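Commentary on secondary and tertiary structure
Single-letter residue listing:
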Amino acid sequence: MPLFPNIKFHEAIVLQNIENNNQELFLTHGHQADFMNYVGWKINRFLVRILWKPLQVWGIKDPTSPAKNYIELIKVERRIKKWIASNSNKITITGHTHRPRFPSPSENALHYFNDGSCVHPRSITGIEIAEGTIALIKWFIDTKEDGTLQIVKEVLEGPCRLEDYKN
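Residues numbered from 1 in each chain as written. Predicted model: local features only at pLDDT ≥ 70, side-chain atom pairs only at ≥ 80, totals over all residues. Heavy atoms only, no water.

**Focus on the sheet that holds strand E7 (residues 149-161)**
Rules: Strand pairing is assigned whenever DSSP detects at least two bridges linking the two strands. Counting from the N terminus, the helices are DSSP H or I runs at least four residues long and the strands are E runs at least two residues long. What counts as an axis is a line fitted to C-alpha atoms, over the stretch in contact for a helix, and the angles between N-to-C directions run from 0 to 180 degrees.
If you walk across this open sheet you meet the 3 strands as E5-E6-E7, and the pairing is antiparallel. In the strand order of this sheet, the two ends are held by strand E5 (123-130) and E7, each with one partner. Taking each pair of neighbouring strands and ignoring which way they run, the sheet shows an average axis angle of 25 degrees. When E5 meets strand E6 (residues 133-143), the two strands line up antiparallel, connected through 8 bridges. In the sheet register, glycine 126 faces E6, and the bridge partner there is isoleucine 137.

Here it is, written out as C-alpha cells:
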C-alpha cells in the first residue's frame, strides 16, 4: 500500500520574503549541478543499488559522490556559484556537497548557503529561516545535570537579517 499516494515532488522551491520587497530565496538539493545525479540519474541509481551497495559492505567508498570526492565537490559548487552569478546573485540554499557555507552579508560574495552534511550520528544541521533572519544551526542530544537527555539547538553561524543580503 502506498505511503503517500499522489504525492508530488519538485526539483526546487522559491520562497518570497514579502516583508522585504519580495526578496526571493531559491531552495534546492543541489544535485542538479552534478551530471551523474541529474542527467545520468537512472544509471547512477542502478550503480548505487547494484554495484556500490555490496562494495560499501567491504569498505569501498563511492568515488563519484561529492561528499567523498573533493574534486567533484569543487566542480558541483563551481556550477552552483556560476548559476547564482548568472541569476542576479539570488540567495540560494542547497545541500548535496556536504560542506557548510554561510556567507556574511557584508561580504561581496555570492549568496550561497549550504547546510553541510545535515545528518550526523548524534546531531543534524540545517539552515533556519525565522522572523526575517537566516542561521546555520545544529540540533543535538545532550545530557542535563540530572542525567536526563535533552535536545539542544546550537547556532553555528548567524543569525543574519535576510534584508542585509542585497542582490
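Back to the write-up after that little detour.
**Quick word on the pattern of salt bridges**
What counts is decided by this rule: Salt bridges, as used here, are contacts in which a Lys or Arg side-chain nitrogen is within 4 Å of a carboxyl oxygen on Asp or Glu. Exposure classes here rest on a 1.4 Å probe applied to the protein chains alone. A residue is buried below 20% of its type maximum, exposed above 50%, and partly exposed in between.
This structure, assessed with the given rule, holds 6 salt bridges. When the shortest N-O distance is used, the salt bridge between lysine 90 and glutamate 24 registers 2.4 Å. Residue lysine 90 is located in the loop between helix H3 (70-86) and strand E3 (91-94), and its partner glutamate 24 is located in strand E2 (residues 23-28); the two are separated by 66 residues in the primary sequence. The class for glutamate 24 is partly exposed, based on a relative accessible area of 30%. Where aspartate 164 meets arginine 161, a salt bridge forms, and the shortest distance between an N and an O atom there is 2.8 Å. Through salt bridges with shared partners, a single network forms among Arg161, Glu163 and Asp164.

**Things to note about the nonpolar core**
Condition: Residues belong to a common nonpolar core when they are buried Ala, Val, Leu, Ile, Met, Phe, Trp, Tyr or Cys residues joined through side-chain atoms within 4.5 Å. Any pair of residues with heavy atoms lying within 4.5 Å of one another is described as a contacting pair.
In terms of nonpolar packing, the biggest core is built from 10 residues, these being Leu25, Ile91, Ile93, Phe102, Phe113, Ile134, Leu136, Cys160, Leu162 and Tyr165. At the level of elements, E3 and E6 are the ones that each hand at least two residues to this core. Residue contacts for isoleucine 93: discarding those within four places in its chain leaves Leu25, Phe26, Leu27, Thr28, Phe113, Ile127, Ile129 and Ile134.

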